[in-house]
Amino acid sequence: MCGIVGYVGNKEIIPILLEGLHSLEYRGYDSSGIAIHDGKVLSVLKSVGKLSKLEEILKNDAGSVNGKNGKNEHVYCGIGHTRWATHGEPSDINAHPHFDSDEKIAVVHNGIIRNYQEVKDKLVKSGIKFLTQTDTEVIVQLIAKYLKENNSVLSTICKTVSDLEGSYALAILFKEKPDKIYAVRKESPLVIGLGEKENYLASDSPTLSRFVDKIVRLGDNEIAEVTKEKVEFFNTKGEKINKTVQKVIKSKDFLDKRGFKHYLEKEINEQSEVISNLLNEFLPSSDSKVKFDHLKLKPEFLKNIDRILILACGTAYHSGLIAKYVFENLTSIPTEVQFASEYLNIKPLLSEKSLVIGISQSGETADTLTAIKRAVSCGATLVGITNRADSALADLSKERLLISKAGLEVSVAATKTFTAQITMLYLLAIYISEILGSTERNNLKPLKQELRLIPRLVDQTLTRAEYYQEQVLKYANKRDFVFIGRGINYPIALEAALKLKELSYIHASGYASGEMKHGPIAVLDPNVPVVSIIVPGETYDRVFQNSLEAKSRSAPMIAVTVDGDKKAESIFDTVLHVPPVTEVMSPFLTVIPMQFLAYYIAEHLGRDVDQPRNLAKSVTVE
Ligand code: F6R
């Protein structure tokens with residue numbers, strides 16, 4: 001993970017680096033730092049903690065690193081970093097940028113160097129002393145060693161990266177090159193921003209869209225030499241290469257909270273608009289067919305799919321679990337959902353007749369990308385679902401379903417992208433089903449009508465926020481939570497537990513309700529509320545029965561059910577109602593009180609809801 005930014009030009013550099021780092025803070029917030037060349041001196045300033053800590057330090061003492069060297073037409077040149085710790089605890093010393101021993105080279109890094117210990121051992125043997133526990137220091141010390149041997153910066157970088165195994169996006173400043181930033185990458189993103197007599201670099205293009213209109217995406221094993229006037233590109237043999245310039249997609253001002261206290265609250269509240277936008281584009285009326293005209297999947301392929309494999313992590317995995325029910329019910333195609341990280345150890349039993357669906361809101365999750373590559377190597381066809389058109393997943397997927405209409409999700413915990421993903425998955429199931437076209441499946445109209453009603457029902461659910469808040473805060477001081485559900489709402493139990501854990505740090509588990517009696521019921525006591533997702537339909541009676549079993553073990557009981565469910569009201573201590581909805585559509589609604597439950601409890605406990613501890617929005621390490 002980690003975010004990288006860089007600037008060369010005549011503008012005051014510190015505000016630019018800080019603005020870039022703010023936009024990249026979703027990638028990690030354990031520490032931050034900047035390195036600036038003022039023409040003579042190469043200085044580094046860094047601090048453990050959120051970016052606001054660094055800003056405070058800069059406010060009190062910008063003198064040492066402001067990049068001004070007294071000349072009128074001064075070129076400012078600097079790099080910045082926001083960290084998600086992998087090697088070495090979050091601390092001032094482990095914060096980036098890292099210097100070599102002579103403080104002549106400064107490096108920021110996103111990625112993981114797998115062979116860092118081996119390289120470090122060799123460098124230590126040759127007398128180099130290390131200050132930090134990071135894998136990044138190995139890189140900067142190696143650059144320094146090779147630079148002393150051959151004097152050419154470009155060949156030094158080529159030689160250095162040939163010794164490194166793993167993933168990296170690097171931005172490097174050299175004391176001897178006051179107005180140049182060097183950048184190189186492999187498997188971690190890095191984008192160059194082209195301006196007028198100024199150039200930039202960053203880990204993502206939305207950050208650059210704040211400053212420039214044109215970008216160049218650095219590819220694996222490519223180097224950029226960035227100056228104020230121009231950017232030149234090389235391969236790692238040191239040969240010049242040409243790159244395509246792209247127009248940057250301008251993001252709306254995603255750092256605007258629109259009056260909400262937190263991004264999370266804003267994003268939860270955006271869900272009906274997001275679903276409505278997606279439906280208006282792809283299913284404008286219940287009489288129309290799903291308009292995935294850009295998909296080039298051939299009807300012969302769709303009619304002969306032997307199996308569907310969904311690969312994803314975290315919340316995206318939960319949307320995949322919901323899709324399994326919908327796909328199997330509508331298309332009868334066996335559908336399996338795997339944690340991407342687990343799929344790396346499973347024999348891929350796929351063929352050219354298989355469909356792989358990769359889901360990732362960021363499109364950069366390393367586990368998901370690796371698992372997808374493994375799956376498609378068997379000849380399977382990939383459909384990627386992401387809300388980042390400029391992501392690695394979008395690049396990898398010839399067939400892709402973008403949910404960018406959801407808008408950027410700033411809060412680390414996924415909410416609106418979850419409901420956007422399930423919207424696309426329902427639509428994909430209907431799309432395939434329409435192409436399969438058997439009589440039984442032909443009657444998709446009622447389902448499409450229900451789907452078209454979802455934005456209104458989600459909207460009605462969102463208006464109940466205050467009521468949910470009042471109800472759930474009664475439980476804010478409980479030790480653990482257990483969430484239970486069956487069938488299509490079992491994934492909502494998992495998602496509810498994940499949201500509560502990551503936002504409030506209260507331990508929570510999600511179970512298929514029938515599994516409680518096989519062990520987990522032992523944890524119940526008056527300090528462990530059980531939240532049952534119990535929606536009228538096929539699973540209702542069994543979830544009800546399992547809830548009674550939990551109630552008999554003195555657990556406080558909370559239900560998520562539809563309006564007017566008198567039976568639930570008679571046994572549960574608290575009922576979180578949602579508008580009446582069919583079981584198949586219910587996950588769109590039942591997830592909302594669960595998102596609010598996690599949000600309000602976390603807020604009540606004083607947690608940092610938008611940037612929970614230990615997390616990052618984009619998990620680019622395996
Ligand atoms: C939970 C959450 C994570 C992500 C997971 C996958 O709120 O945000 O569990 O869902 O890290 O991320 P993406 O979807 O970017 O692949």
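Being a predicted model, the structure only gives us computed values, none of them experimental.

So, how was this worked out
- Residues numbered from 1 in each chain as written.
- Predicted model: local features only at pLDDT ≥ 70, side-chain atom pairs only at ≥ 80, totals over all residues.
- Heavy atoms only, no water.
- Salt bridge = Lys/Arg side-chain N within 4 Å of Asp/Glu carboxyl O.
- Helix = DSSP H or I, 4+ residues; strand = E, 2+ residues; numbered from the N terminus.
- Buried < 20%, exposed > 50% of the residue type's maximum accessible area, 1.4 Å probe, protein only.
- Core = buried A, V, L, I, M, F, W, Y, C linked by side-chain atoms within 4.5 Å.
- Domains from an automatic or database assignment.
- Contact = heavy atoms within 4.5 Å.
- 1 Å grid on protein atoms, 1.4 Å probe; cavity = no way out; pocket = protein on both sides within 12 Å on 5 of 7 lines; lining within 4 Å.
- Points joined across faces, edges and corners; volume = space filled by probe spheres on them.
- Nonpolar A, V, L, I, M, F, W, Y, C, P; charged D, E, K, R; others polar.
- Buried area = accessible area lost by both parts, 1.4 Å probe.

A. Local environment of the pattern of salt bridges. Applying the stated criterion across every chain yields a total of 28 salt bridges. Notably, a salt bridge pairs Asp525 with Arg479, separated by 3.4 Å at the nearest N-O pair. Within this pair, whereas Asp525 is found in the loop between β22 (507-512) and β23 (530-533), its partner Arg479 is found in the loop between α17 (465-472) and β21 (480-485), the two being separated by 46 residues in sequence. The class for Asp525 is partly exposed, based on a relative accessible area of 24%. We classify Arg479 as partly exposed; its relative accessible area is 44%. One continuous salt-bridge network, built from bridges that share partners, spans Arg258, Lys266, Glu270 and Lys416.

B. Region of interest: the nonpolar core. Residues Phe292, Ile357, Leu451, Phe481, Phe483, Phe588 and Met594 are the most contacted members of the largest nonpolar core, which totals 97 residues. Here the element with the most residues in this core is helix α14 (residues 416-436); it accounts for 13 residues. Counting only domains with at least three residues in this core, you end up with domain 2 (263-462) and domain 3 (465-604). Excluding anything up to four places from it in sequence, Phe292 contacts Phe282, Leu401, Met424, Leu427, Leu428 and Tyr431. Counting residues in hydrophobic clusters, the runner-up holds 30 residues, among them Ile113, Cys158, Val161 and Phe234.

C. Quick peek at the layout of surface pockets. Each pocket or cavity is described by its volume, and for the largest pocket that value is around 750 Å³. Going through the elements one at a time, β7 (166-174), α12 (366-376) and α13 (392-396) are the ones with two or more residues in the lining of the largest pocket. Looking at the lining of the largest pocket, the element that brings in the most residues is α12, giving 4 residues. Its residues assigned to classes, the lining of the largest pocket shows 11 nonpolar, 10 polar and 13 charged.

D. Highlighting the domain arrangement of the chain. Assigned domains within the chain: domain 1 (3-112 + 167-247), domain 2 (263-462) and domain 3 (465-604). Taking the mean C-alpha position of each, domain 1 and domain 2 sit 35 Å from one another. With 7 residues of domain 1 in contact, the opposing surface of domain 2 contributes 6 residues. A buried area of about 510 Å², summed over both sides, lies between domain 1 and domain 2, and 50% of it is on carbon and sulfur atoms. In terms of surface lost to domain 2, no three residues of domain 1 exceed Tyr26, Pro206 and Arg217, which account for 60% of the buried area on that side. Connecting domain 1 to domain 2 are 1 salt bridge.

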